[in-house]
Amino acid sequence: MGLLYLGTPLAWDDAKQYADHVRTHGITQFLHIWDNLKDRFGDELLWGDEVEYMVVAFDNEEKNAKLSLRQTEILAKLQSIVNDIASDRGEKASVPTFHPEYGRFMLESTPGSPYTGEVHDLLTVESNMRYRRHLARKYLKPNEVPLTMTSYPRLGTQGVFTEPFYDPKDAVSSHSLFVPEEITNPHARFPTLTANIRRRRGSKVAINLPLFIDKQTPRPFVDPSIPWDRNIYPEDPEAKQGAALVDHVYMDAMGFGMGCSCLQLTFQSCNITHARRLYDALVPIAPIMLAVTAASPLWRGLIADVDCRWDVVAGSVDDRTEEERGLKPLQNDRFRIPKSRYGSVSLYISDEWPNRPEYNDIEAPIDAGIFERLKGHGIDAPLAKHISHLFIRDPIVVFSETIHQDDTASNDHFENIQSTNWQTVRFKPPPVNSPIGWRVEFRSMEVQPTDFENAAFAVFVVLLSRAILNYNMNLYIPISKVDENMARAQKRDAINTQKFYFRKDVFPPGVQSPLSSPNSSGLSSPVDPTGNGILRPKSKKLGNCFPPAPKPEAGQELGPVEDEYDEYTLDEIFNGKGETFPGLIQLIYAYLETLEVDESERQRIEDYMDLVKRRASGALQTPATWMRNFVRSHPAYKFDSVVSQEINYDLMVAIDEIERGERQAPEFIPPHHVCKPANGMKNGV
């Protein structure tokens, strides 16, 4: 999560005086990268995933599943083991790596070296994820388990939910009523980030999720677990003064959001143009992938009436002042800012013709001075707006040792602001003095309980990204509709209850659908996506450099944007709607026909596509629905919306058993899913 320096972070009153310095030099650093690498072309597809774990300690006598706060010790052990494995093999790059995260109970893992465009690499993702979990599990205590849970159901409850136990009264950085200081990674960046968000905002963060009202839930629900009369920190009265809403789950600290886990993917693009094209294409995909991976219905010991983490994380780092939130007239601040710095994308950034100005239809304030500086340097308006929109934010953490930098040798000031704009999709310039190219990070998905699911959704998004680029698919809809989709995606059981805005015709004029020819059902020889109908030889690797979509013929009028999209169920978006829309999965199958894929490889891919297909259709439950049903069917549940210690323990046990293949859960995992051992994997995968 962001940049980890060894140094002295400044408290907010000291850090804010350097905000303009960081912005100015951050832009200088970006322009240095732009000048050196804007013409870089031809990078191959390299990609990777990030999976985050929560380490849970089981107390079988007390029937309590607690968050283990041994991150520092665990990471030191894992790093030692990883180094030993790398030394024995002589190939360090292939060994998985583990990283710290915000929560002291969290671990982040990555493959160690990027995957390539080889089909074989797609099929090593699941085994690599299993190997990482195997390594983590192997060096934990016997009662500790690495679970891929999006949110921990009893974080912030009364009683003991961490191992060891700490009292929230010592939450000196967050001033939380619920979570202790010790849940936060001890690296100076994290408590400083927590405290500075609170100080800049002028209050604690306030997160309220609608409560799932069950048969015996008291109405109105005024949460008896909130210590309404605590009087330790100046912000303690905020809950009573209206921050905590009736009939809601109230949370008041960064740890509730940044203590969530997710599944993220990063793609290296052919060049900057391709990166911007892919970024824009994935923006409308982000909400629907959030919906099909929904996995977080339980918060602070209560059942919420939502299924996803997104608004919790957004609220947990919302450093906007009252003026910036529009609650007071602007006097001391520069902008009214509609969204938290963790939010959905506000601007498309491609400068190619399919990106019509009408699509950027929401308020997205920009720093006019930065915009003009970028434009004056030769950067086009869409990208200049994107960067100048990000840079309306202040840097939250400034290290005294890094205030003055060599802007030709560092991009730390740029990344200070870039990396604390946490959006559904992130456009990532190359690091300074690095072989890494222009990248796109896809960030909306919830982490799934099993490696099979995480691999399936990773493979799906990788193949979808290639199909989009190969067929020049146009997925643009207005940003306002993407935002509406983000809101709908988080609703309870969105797959079965919601419709989502999506483009009617995803192929631009002059681009032939790969499914439209009489001899094609997605299972024929690959056709030239430019529409010339020329058969091409099948490729051995997933592509990364693609020609742009042909421009419309002279005089061809583009119709109203409002006519370009409609509302669809997730089943229709993924699996098709009659003759009008083929569905994303069928388009992936068409793209697979452009590749050399043998029968065994195709079967593995089809297993993953089957999970996505059935999840989108509602035939398989999301983890969120399964968890809510598990709680409500538990013998100890009182139908009062409360997730007790005993229920939470049994839920954690069940999820661990499902991941290890010891328990079947056909409601959300296909019956053929079997946990395969991690031993004996070639190159650690």
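Residues numbered from 1 in each chain as written. Predicted model: local features only at pLDDT ≥ 70, side-chain atom pairs only at ≥ 80, totals over all residues. Heavy atoms only, no water.

The name an unreviewed UniProt entry assigns to the protein chain is Glutamate--cysteine ligase, from the organism Steccherinum ochraceum. In its Catalytic activity (unreviewed entry) section, the UniProt record describing the protein chain reads: "L-cysteine + L-glutamate + ATP = gamma-L-glutamyl-L-cysteine + ADP + phosphate + H(+)". Per UniProt, the protein chain carries the Sequence similarities (unreviewed entry) text "Belongs to the glutamate--cysteine ligase type 3 family." (UniProt positions renumbered as here; feature names shortened; annotations may be inferred.)

### Topic: the pairing of strand β1 (residues 47-59)
The element β1 is extensively covered by neighbouring structure, given that 12 of its 13 residues are classed as buried. Two elements, β1 and strand β9 (residues 263-268), share five bridges in a ladder whose sense is antiparallel. Counted as the bridge partner of Val51 is Leu263 from β9. In this sheet, strand β5 (residues 144-147) lies alongside β1 in antiparallel orientation, the contact comprising four bridges. Across the sheet, residue Ala57 finds its bridge partner in β5, namely Glu144. Of the strand pairs in this sheet, β1 and strand β2 (residues 64-68) are connected by four bridges, and their pairing is antiparallel. Residue pairing across strands places Ala57 opposite Lys66, the latter belonging to β2. Connecting the antiparallel pair β1 and β2 is a turn made up of four residues, with Lys63 showing a positive phi of about 50°. (Buried < 20%, exposed > 50% of the residue type's maximum accessible area, 1.4 Å probe, protein only. Helix = DSSP H or I, 4+ residues; strand = E, 2+ residues; numbered from the N terminus. Pairing = 2+ DSSP bridges.)

### Looking at the nonpolar core
Among the nonpolar cores identified, the biggest contains 208 residues, and Met289, Phe460 and Phe574 are the most heavily contacted of them. Examining the composition of this core, we find that 14 residues originate from one element, helix α15 (residues 451-470), more than from any other. Residues within four places of Phe574 in sequence aside, it is in contact with Ile288, Met289, Val292, Phe460, Gly583, Leu584, Ile585, Val612 and Ala616. (Core = buried A, V, L, I, M, F, W, Y, C linked by side-chain atoms within 4.5 Å. Contact = heavy atoms within 4.5 Å.)

### Remarks on the environment of Leu107
Mapped onto the elements of the fold, Leu107 is located in strand β4 (residues 106-110). The exposure class of Leu107 is buried, given its relative accessible area of 0%. Sequence separation between Leu107 and Ser261 is 154 residues; the distance between their C-alpha atoms is 9.2 Å. Every residue in contact with Leu107, bar those within four places of it in the chain, is listed here: Val51, Glu52, Tyr53, Val55, Gln71, Ile74, Leu75, Leu78, His99 and Ala136.

### So, the state of the cysteines
Overall, the coordinates contain one disulfide when judged by the stated rule. Here Cys270 engages in a disulfide with Cys545; their sulfurs sit 2.0 Å apart. Given an S-S torsion of about 100°, the disulfide between Cys270 and Cys545 has right-handed geometry. Of this pair, Cys270 sits in the loop between β9 and α9 (272-282) while Cys545 is found in the loop between β16 (500-503) and β17 (565-568), placing the two residues 275 residues apart along the sequence. Note on Cys545: relative accessible area 36%, which makes it partly exposed. Unpaired in this structure, Cys308 has its nearest cysteine sulfur neighbour in Cys260, at a distance of 11 Å. (Disulfide = S-S within 2.5 Å.)

### A closer look at helix α12 (residues 368-376)
Buried within α12 are the following residues: Ile370, Phe371 and Leu374. Viewed end-on, α12 has its buried residues packed into an arc of 100°, placing them on one side of the element. In α12, those exposed residues whose orientation departs by more than 90 degrees from the buried face are Ala368, Glu372 and Gly376. Buried residues belonging to α12 abut α2 (19-37) and α13 (381-390). (Arc of directions from axis to C-beta.)

### Focus: the packing of helix α5 (residues 125-138) against α15
Where α5 contacts α15, the two axes come as close as 9 Å, and the packing angle between them is 140°. By the angle between their axes, α5 is oblique relative to α15. Our pair here, α5 against α15, has a crossing hand that is right-handed. Contacts between α5 and α15 involve Val125, Glu126, Met129, Arg130 and Arg133 from the first element and Asp451, Phe452, Asn454, Ala455 and Ala458 from the second. A class-by-class count of the residues in the contact of α5 with α15 yields five nonpolar, one polar and four charged. (Axes fitted to C-alpha atoms, helices over the stretch in contact; angles between N-to-C directions. Parallel < 35°, antiparallel > 145°, perpendicular 65-115°, else oblique. Left-handed = near helix turned anticlockwise from the far one by under 90°. Nonpolar A, V, L, I, M, F, W, Y, C, P; charged D, E, K, R; others polar.)

### Focus: helix α16 (residues 479-489)
The complete set of buried residues in α16 reads Ile479, Val482, Asn485, Met486, Arg488 and Ala489. Considering only its buried residues, α16 is in contact with α10 (285-292), α11 (310-316), α17 (494-497), β16 and β17.

### A closer look at unusual backbone geometry
Of note, the amide linkage connecting Glu163 to Pro164 takes the cis form, showing an omega dihedral of 0°. By the element assignment, Pro164 lies in the loop between β6 (162-163) and α6 (189-201). Cis geometry marks the peptide bond from Arg219 to Pro220; its omega dihedral reads -10°. Mapped onto the elements of the fold, Pro220 is located in the loop between β7 (207-210) and α7 (239-243).

### Some words on the environment of Val432
Note that Val432 resides in the loop between β14 (425-428) and β15 (439-442). Relative accessible area serves as the criterion here: at 18%, Val432 is assigned to the buried category. Between the alpha carbons of Val432 and Leu37 there is a distance of 9.9 Å; along the sequence they are 395 residues apart. The contact partners of Val432, leaving out residues within four places of it in the chain, are Ile33, Thr408, Ala409, Ser410 and Asn411.

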